[in-house]
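Coordinates in review
Each chain, letter by letter, is given below.
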Amino acid sequence: MYNGFSILIPTWNNLDYLKLCVRSIRQHSAYNHQIIIHVNDGSDGTLEWVKAEGLEYTHSDENIGVCLAMNSMRRHVKTDYIYFINDDMYVLPNWDVVLMNEIKSLPDNLFYLSGTMIQPHDKYDVGLCIDYGDSIANFQEEKLLKEYMNEPYNDWQGATRPPSLVHRDIWDLVGGYSIEFSPGMYSDPDFTAKLLMVGINYLKGLGNSRVYHFETKTTGRIHKNDGSTQFLLKWGISNSTMRKFITRQGEDWNLHTTPLNKDVIHSKRRFARIKSVWYIIKKGFGLVGNLVENERFKAK
């Protein structure tokens, strides 16, 4: 039935963007993909629309975040490959052909691949910064479809986050997304760190598999977990250290890049442990302060 990927899309009352995302998949895909939606809440009509479209879905009455949503959708996966995309992304023609060609060129499933984002504002991110609109109201869709390949972009190192693709066996091997990072801040680099732990270091971004990203149409609305601290305490290094010195995120792709000297990694870990202690102390003082304030309030 499906000859492509299982596309997992968590969404939270973002129906107009979800409609656009799904339409782009249907219009711009060369393969027949399975689309699975996790509907968080859905009080904006998302659940009814998903049902009417005949899409496979999971549902929670409230927003459970990305980690639980992704793990929930996993049980419906019917293809070999899991492709994670945000609901405020718009896939561009040839996106899946480039990914499938890369997969076919590899000897095994020990990889993690990312597409390349075009974004309107974030010029410091990996990918292209070209403004075709930051909302549906000002989206220049026709112009984007004419120009999206005009700017060359090399394949790059350090695939970490959506749009991303992994074999379902690898997803299962590392246990999917870690729910302690709910609702989801830093869950993407945590997933990458788990891949590194089991020996998967083919983390490649494909410059010609492109999506347009409207940027944080959901994450701007949630109460965020302190993901940077959680990541540091869990892995003993900061996310920025992992990106810069281990995955080398954003550098031009070179499978044979010389690994970072182990002494340098250990020195980075020592520095990270110092930061970890400082965070613990800082958090501790914060908790003590809150307890003191609570006691004063009770006393009144």
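Look up a bit, the structure's there.
In this convention, every chain numbers its residues from 1, walking through the sequence in written order. Confidence filtering applies because this is a predicted model: local features only for residues at pLDDT of at least 70, side-chain atom pairs given and counted only at 80 or more, and all residues used for totals across whole chains, interfaces and linings. As a rule here, side-chain values come from all non-hydrogen atoms in the structure, and water together with hydrogens is ignored.

**Regarding the overall build of the protein chain**
Each helix is a run of DSSP H or I of at least 4 residues and each strand a run of E of at least 2, with the numbering of both proceeding from the N terminus. Looking only at helices and strands, the protein chain features 10 helices and 10 strands. Within the protein chain, the fraction of its 300 residues that count as buried is 50%. Surface exposure here means Shrake-Rupley accessible area, sampled with a 1.4 Å probe, where a residue is shielded only by the protein chains that are shown. Carbon and sulfur atoms provide 52% of the accessible area of the protein chain, an area that totals close to 14800 Å². Only protein chains enter the accessibility calculation, which uses a 1.4 Å probe. A residue is then buried if its area is under 20% of the maximum for its type, exposed if over 50%, and partly exposed in between.

**Observations regarding the packing of aromatic side chains**
Any pair of Phe, Tyr and Trp rings, taking the six-membered ring for Trp, is counted once the centres come within 6.5 Å. Such a pair is stacked with planes under 30 degrees apart, edge-to-face with planes over 60 apart, and tilted for the rest. Inspection of the entire model under this criterion finds 17 aromatic pairs. On the basis of an interplanar angle of 70° and a centroid distance of 5.3 Å, the ring pair of Tyr90 and Phe139 is categorised as edge-to-face. Of this pair, Tyr90 sits in strand S5 (residues 89-91) while Phe139 sits in the loop between strand S7 (128-129) and helix H5 (141-147), and the two are 49 residues apart along the sequence. Aromatic rings pair up to connect Tyr17, Tyr90, Tyr132, Phe139, Tyr212 and Phe214 into one cluster.

**Side note on helix H9 (residues 239-247)**
Residues three or four positions apart in an α-helix share a direction because the helix packs 3.6 residues into each turn. Along H9, the residues classified as buried are Asn239, Thr241, Met242, Phe245 and Thr247. Viewed end-on, H9 has its buried residues packed into an arc of 155°, placing them on one side of the element. Working note: the arc is built from the helix axis to C-beta atom directions.

**Details of the pattern of salt bridges**
A pairing counts as a salt bridge when a side-chain nitrogen of Lys or Arg comes within 4 Å of a carboxyl oxygen of Asp or Glu. Applying the stated criterion to the full structure yields 13 salt bridges. In this structure, Glu141 and Arg23 form a salt bridge, with 3.0 Å as the shortest nitrogen-oxygen distance. Of this pair, Glu141 sits in helix H5 while Arg23 sits in helix H1 (residues 15-28), and the two are 118 residues apart along the sequence. Connected through salt bridges with shared partners, the residues Glu102, Asp155 and Lys204 form a single ionic network.

**Brief notes about the packing of helix H7 (residues 187-197) against H9**
Packing of H7 against H9 leaves a shortest axis separation of 11 Å and a crossing angle of 45°. When the axes of H7 and H9 are compared, the pair comes out oblique. The handedness of the crossing between H7 and H9 comes out as left-handed. Contacts between H7 and H9 involve Pro189, Thr192, Ala193 and Leu196 from the first element and Asn239, Met242, Ile246 and Thr247 from the second. The angle between two axes is taken between their N-to-C directions and runs from 0 to 180 degrees, where each axis is a line fitted to C-alpha atoms and a helix contributes only its stretch in contact. Should an angle lie under 35 degrees it is considered roughly parallel, over 145 roughly antiparallel, and from 65 to 115 roughly perpendicular; all remaining angles are considered oblique. Left-handed is the label given to a crossing in which the near helix is rotated counterclockwise from the far helix by less than a right angle, and right-handed is the label when the rotation is clockwise. Contacts are residue-level and defined by heavy atoms, with any inter-residue pair within 4.5 Å sufficient.

**So, the environment of Ser182**
Summarising the element assignment, Ser182 is placed in the loop between helix H6 (168-173) and H7. With 113 residues separating them in the primary sequence, Ser182 and Ala69 have C-alpha atoms 9.8 Å apart. Aside from chain neighbours lying at most four places away, what touches Ser182 is Ile64, Cys67, Leu68 and Asn225.

**Some details on the environment of Pro163**
Structurally, Pro163 can be placed in the loop between strand S8 (156-157) and strand S9 (164-167). For the pair Pro163 and Asn86, spaced 77 residues apart in sequence, the C-alpha separation works out to 7.3 Å. Beyond its immediate stretch of four places on either side in the chain, Pro163 contacts Tyr83, Phe84, Met89, Leu113, Ser114, Gly115, Met117 and Val211.

**Quick notes on the side chain of Ser187**
Among the secondary structure elements, Ser187 is positioned in helix H7. Given the relative accessible area of 2%, Ser187 is considered buried. Apart from the residues lying within four places of it in its own chain, the contact partners of Ser187 are Cys67, Tyr177 and Phe181.

**Observations regarding the side chain of Asn225**
Note that Asn225 resides in the loop between strand S10 (203-213) and helix H8 (227-235). Overall, Asn225 belongs to the buried group, its relative accessible area being 14%. Of note is the side chain of Asn225, whose polar atom sits 3.2 Å from the backbone oxygen of Phe181. Here the side chain of Asn225 touches Gly184 through a polar contact of 3.4 Å, landing on its backbone nitrogen. Excluding residues within four positions of it along the chain, Asn225 makes contact with Phe181, Ser182, Pro183, Gly184, Met185 and Gln230. For the purposes of these results, a polar contact is taken to be a pair of N or O atoms within 3.5 Å, where, inside protein, one atom must be able to donate a hydrogen and its partner to accept one; residues adjacent in sequence count only when each atom of the pair is a side-chain atom.

**Quick look at the nonpolar core**
Within this scheme, the nonpolar core is defined by two criteria: the residues are buried Ala, Val, Leu, Ile, Met, Phe, Trp, Tyr or Cys, and they are joined through side-chain atoms within 4.5 Å. By size, the foremost hydrophobic cluster in this structure holds 33 residues, and its most contacted members are Phe5, Ile9, Ile37, Tyr83 and Leu165. Those residues in contact with Ile9, other than ones at most four positions away along the chain, are Leu18, Cys21, Val22, Ile25, Ile35, Ile36, Ile37, His38, Met73, Ile85, Asn86 and Asp87. One finds Leu8, Val166, Tyr177 and Met242 within the second-largest nonpolar core, a separate group that totals 25 residues.

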